[in-house]
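# Summary of the model geometry
Chain by chain, the residues run as shown.
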Amino acid sequence: MSRAHAPGRVNLIGEHTDYTGGFVLPMAVDMGVTCEATPRADRLVTAWSREMSGAPMAADLDNLAPGAVTGWAAYVLGTIWALGEAGVVVPPCDIRIESTLPAGAGLSSSAAVECAVALAVLDLAGVRMQARDIARIAKRAENDFVGAPTGSMDQVASMLAQPDALLFFDTGLDITRTVPFPLRANGLHLLVMDTHAHHQLVTDEYGERRRALEAATVALAVPSLRDVQDARSVESLTDDTLRRRARHVVTENARVQHVIELLTAGEVAAVGPVLSAGHASLRDDLEVSCDELDVAVDAAVNAGALGARMVGGGFGGSAIALVRATHVDVVRSAVAGAYRARNWREPDVYDVVPAPGARLLA
Ligand code: ADP
Ligand code: MG
């Protein structure tokens, strides 16, 4: 039997930058998925989850292919498939998972499932592999088996994160670096506020952002927006929408670098205003926020949070707030109160700390 744990993640700063080869700065959280893999005598692989009702899902190991399984089990069996595609001889086994992560709250429960399964099954198979390669396999499961066209930040963060640290990930160069983030030692908390909002969009908003950013890259005659060093050069773009979209990515990459400089200088609390600036950019320039996110961010900041911003793709999902220990309760109740005043369901709030990446368990 092999057991592994993989954490969820939250991205401190660096939003909507990954698909332009930019910078992200996630950390693992102290909630995650634990996977247990036990060998079987036949040719089946089964998947069971404590959080999903019902009998285990079973699949024939020799006929596993995209489309064979849908729903939550696709994350588990897709990882088995992706391991096979990478040349791993996967032994028939029973997979059991249990999670302390809320699904769909923007903490990347999907990558935690994939990374925990990959690590446990590799151990059962007696195969050693670099964490970065395991992250690639987990991402392949999500992209090609589940069918979700996501970037690689979630899996990279879950596999490579270090405790009390952020993981700088340069998605263009595929380089990672650990940045110290001593949250508690500085009397700080990071709150993740799940707004429960999920706006179904009629138009293809994400496609529009991608196309605008590609057009801006062409108009600025740069290989990639990350190559724009001076944020003022985007002001030369004549199209207002293109200019604002590009300005978000260029200033967001600069904010990631600024946060790293602040943390390297030990100025952890000074990160707060950079988060708020990131929110303003996502709201006004990229235009991917929504009322629920803005209300949570504004209520948190007005109640004394050092800074706050929406996280994830936008149009719903979660926001984060950097808060002094002395202000945690007042920020939480201010956000809850702002939601109650609008007759909205109060956000679920998670107080997270930078946790270690995925690991085998005894
Ligand atoms: P996020 O990764 O932000 O939590 P996703 O939509 O990417 O949201 O992934 C959530 C999906 O991952 C769930 O709908 C489910 O299919 C799968 N999942 C998450 N946690 C579990 C779990 N404990 N057991 C089984 N499947 C899970
Ligand atoms: Mg996910």
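As the structure is a prediction and not an experimental result, all values here were calculated from the model.

In this structure the tally under the stated criterion is 29 salt bridges. Several salt bridges share partner residues, and in doing so they unite Glu205, Glu208, Arg209, Glu235, Asp240, Arg243, Arg244, Arg245, Arg247, Asp285 and Glu287 into one network.

Membership of the largest hydrophobic core comes to 81 residues, with the highest contact counts inside it found for Ile80 and Ile95. Top contributing element to this core by residue count: helix H2 (residues 109-125), with 11 residues. Discounting chain neighbours no more than four positions away, the residues touching Ile95 are Cys35, Glu36, Ala37, Val45, Thr46, Ala47, Trp48, Val76, Ile80, Val117 and Val121. With 26 residues, the next largest nonpolar core counts Met193, Ala296, Phe315 and Tyr339 among its residues.

To continue, consider the packing of aromatic side chains. For the structure shown, the criterion picks out 4 aromatic pairs. Between Tyr206 and Phe315, the aromatic rings sit 5.8 Å apart at their centres with planes inclined by 75 degrees, giving edge-to-face as the arrangement. On the criterion of sequence distance, the pair formed by Tyr206 in helix H5 (residues 205-219) and Phe315 in the loop between strand S10 (307-310) and strand S11 (316-324) is long-range, its members being 109 residues apart. Given a relative accessible area of 38%, Tyr206 falls into the partly exposed group. Relative to Trp344, the ring of Tyr339 lies with its centre 5.0 Å away and its plane at 75 degrees, an arrangement referred to as edge-to-face. You can call Trp344 partly exposed: its relative accessible area is 26%. A cation over an aromatic ring shows up here: Arg96 above the ring of Trp48, its NZ or CZ 4.0 Å from the ring centre. The ring of Tyr19 carries the charged tip of Arg210 above its face, separated from the ring centre by 4.4 Å.

So, how was this worked out
Residues numbered from 1 in each chain as written. Chains lettered and ligands numbered in written order. Predicted model: local features only at pLDDT ≥ 70, side-chain atom pairs only at ≥ 80, totals over all residues. Heavy atoms only, no water. Salt bridge = Lys/Arg side-chain N within 4 Å of Asp/Glu carboxyl O. Core = buried A, V, L, I, M, F, W, Y, C linked by side-chain atoms within 4.5 Å. Buried < 20%, exposed > 50% of the residue type's maximum accessible area, 1.4 Å probe, protein only. Helix = DSSP H or I, 4+ residues; strand = E, 2+ residues; numbered from the N terminus. Contact = heavy atoms within 4.5 Å. Phe/Tyr/Trp six-rings, centres within 6.5 Å; stacked < 30°, edge-to-face > 60°. Lys NZ or Arg CZ within 6 Å of the ring centre and 35° of its normal.

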